[in-house]
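# Structural overview for review
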Amino acid sequence: MTVRVRFAPSPTGYLHIGGARSALFTWMFARKHGGQFILRVEDTDEKRTVEGAAESQMAALRWLGLDWDEGPDIGGPYGPYIQTERREIYQKWANWLVDNGHAYKCFATAEELKAMRDAGVPFGYDRRYRDMPADEIAKLEAEGKPFVIRFKMPLEGQTVINDAIRGEVTFENSQITDFVLMKSTGLPTYHLAHIVDDHTMKITHITRGDEWLNTAPLHVNIWKAFGWEMPVLAHLPVILNPSGKGKLSKRTQSFQDGQFQVLVRVSEFQEGGYLPTAVNNFLANVGWAFGDDTEIFTLEDAMARFELEDINPAPARLPYSKLDWINGQYIQEMESLDLAKAVKPYLEEAGFEVNVDSLLIVMPAMKIRLKRLPEAVEFLRFLFEESPLEQTAESLSHKQMPAEQAKAAYQAAYDFVASSDSFDLDSISEKMLAIGEANTNSGKAGPFLGKLRLGMTGQKVSPPLYESMMAMGQARSKQRLEEILSKF
RNA sequence: GCCCUCAUCGUCUAGGGGACUAGGACGCAAGCCUUUCAAGCUUGAGACCGGAGUUCGAAUCUCCGUGAGGGCACCA
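These lines cover the structure that appears in this document, whether it is placed above or below. Source: prediction; values computed, not measured.

The strand order across the open sheet built from 3 strands is S3-S4-S7, with neighbouring strands paired in antiparallel fashion. Every interior strand has two partners, whereas the edge strands, strand S3 (103-106) and strand S7 (180-182), have only one. The mean inter-strand angle of the sheet, taken between neighbouring strand axes irrespective of direction, is 45 degrees. In this structure, strand S4 (residues 148-151) lies alongside S7, joined through 2 bridges in antiparallel fashion. Looking across to S7, one finds that isoleucine 149 is bridged to methionine 182. Taken strand by strand, helix H3 (residues 87-99) contacts S3, S4 and S7, and its axis lies near 105 degrees from that of S3.

As a further point, take the protein's contact with RNA strand B. Close to RNA strand B lie 64 residues, the nearest being Glu42, Asp45, Ala314, Gly446 and Gly450. Among the secondary structure elements, those contributing two or more residues to the surface near RNA strand B are helix H4 (110-118), strand S6 (167-172), strand S11 (316-317), helix H11 (320-332), helix H18 (446-457) and helix H19 (465-472). Per-element accounting of the surface near RNA strand B gives the leading share, 4 residues, to H18. For the surface near RNA strand B, the class distribution of residues is 29 nonpolar, 18 polar and 17 charged.

In this structure, Ile17, Ala20, Leu24, Met28 and Val279 are the most contacted members of the largest nonpolar core, which totals 56 residues. Per element, the largest residue contribution to this core is 9 residues, and it comes from helix H1 (residues 17-32). Within the second largest apolar cluster, 41 residues are counted, among which are Phe379, Leu380, Val417 and Phe448.

For any two helices packed against each other, the geometry comes down to the angle between their axes and how far apart the axes lie. The contact between H3 and helix H6 (residues 190-200) brings their axes to 10 Å, and the two run at 105 degrees. Taken as axis vectors, H3 and H6 run roughly perpendicular relative to one another. Of the residues in H6, those touching H3 at Ile89, Tyr90, Trp93 and Ala94 are Leu192, Ala193, Val196 and Thr200. For the contact of H3 with H6, the residue count by class is 7 nonpolar, 1 polar and no charged.

Scoring rules and cut-offs
- Residues numbered from 1 in each chain as written.
- Chains lettered and ligands numbered in written order.
- Predicted model: local features only at pLDDT ≥ 70, side-chain atom pairs only at ≥ 80, totals over all residues.
- Pairing = 2+ DSSP bridges.
- Helix = DSSP H or I, 4+ residues; strand = E, 2+ residues; numbered from the N terminus.
- Axes fitted to C-alpha atoms, helices over the stretch in contact; angles between N-to-C directions.
- Contact = placed C-beta atoms within 7 Å.
- Near = placed C-beta within 6 Å.
- Nonpolar A, V, L, I, M, F, W, Y, C, P; charged D, E, K, R; others polar.
- Core = buried A, V, L, I, M, F, W, Y, C linked by C-beta atoms within 7 Å.
- Buried ≥ 20, exposed ≤ 12 C-beta atoms within 10 Å, placed from the backbone.
- Parallel < 35°, antiparallel > 145°, perpendicular 65-115°, else oblique.

So, in structure tokens, the structure goes:
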């Protein structure tokens, strides 16, 4: 049997990172088994549907590299993949349930429902239309009264659901009411729609959020009523707020470690300079583990080991600081050219004119420093901004290298930069090292190199001296040394 | 309130009766290295929610607490 799974978001907003993790788990499961991953848009709540949301969610999925085999944009053999385009199918099956005694038309008005709710009726509905004689129902219908179709939930007994992650979970049927299957608008609720879709789309495993566990017994009974084969259920744990209180939401801005913004939308991770591969690695590590203490792994390798059964059922918070570390690990492994290209948009956004080639020299230094791409802006600012030299003769000197010696050293450096034919990493390092050793009391170049770096870049934190000089170029380095000398 | 689920270092996790003195990772602290910041290396602090059982033996199984999360819509 071919595994067929789906990710079925509602187009009510941006793709939430928790949704992305569910999609990732589902996708890994499909790919591991050589099955199909289907994307379905569940837009039966017309009031909440947001224009463009489905597209932005698909863009987020694409960014993560979670490709689908069937979906609204590419079609497939079991389409359409947008629920509002499947009205007739739901209507047909809803009618089938009514005709076969598994569901009934309910004419309760909003006022009636409210009255029942106010009276404290469980679930706000007392099943008053469940056993209404057929002729009375027909009469109401003939009068054109609006109605919904409700499922005839068994009144007693138990329903056991078998969850791939949690095992058997037993519910009392009396705890579940006659849920609405078809709204008066003629559109189905999730309860009906997903079952009809999952059946007609031949879905073998239903992976979905934890919040569906309580209505799973309802679903099981609907599947039974249809006489359709039940897919395997797997209820995925939710992601909590950094505080541990409640589901992760944008509303709660918590900075528990003082520096981590609470990112919720996938697009925020993208804009924040995280690599999709790192985000996937990060997400896969929450609620699931590679298994042999490996923390950094490819999706390929993770996939091979992935099992729904291994998912940790406990809800978890996102360890944002670990994400930074993971992202840093991925950046370290990047090719210089790729990193330069990746960093370019952030530099440009800061108003810098970027030539990728000239950036290459500092990329090795960047790789081991960057946790997030935008951090390159501060590191490389000196390459783009002509800032006044704020250092003084004193701050450019050192106890191992008093002003007089410092001046001589900088002069020597200037002479080299001003006249050298070979301005490359090797000659720069060789020369600067020699100058430093010759002009410090200790005979160690350290103090000189440190102060020179400070003067050249004007930044307390920057890439190392040699690379910085190379990246600045000979002319700019010369000019900068002139400024330094003018301080003495 | 009712129902369901879950519970290991600060966080993410490994472990599923004896190999647990409970492993790894992030973060944190210290040291080394060092031209800043990093990176790297070494070391350190740091957890089985509580109580009863079952058992020769419980982090692991059972029950009861407690805590946390989820659900109780013509939303998904």
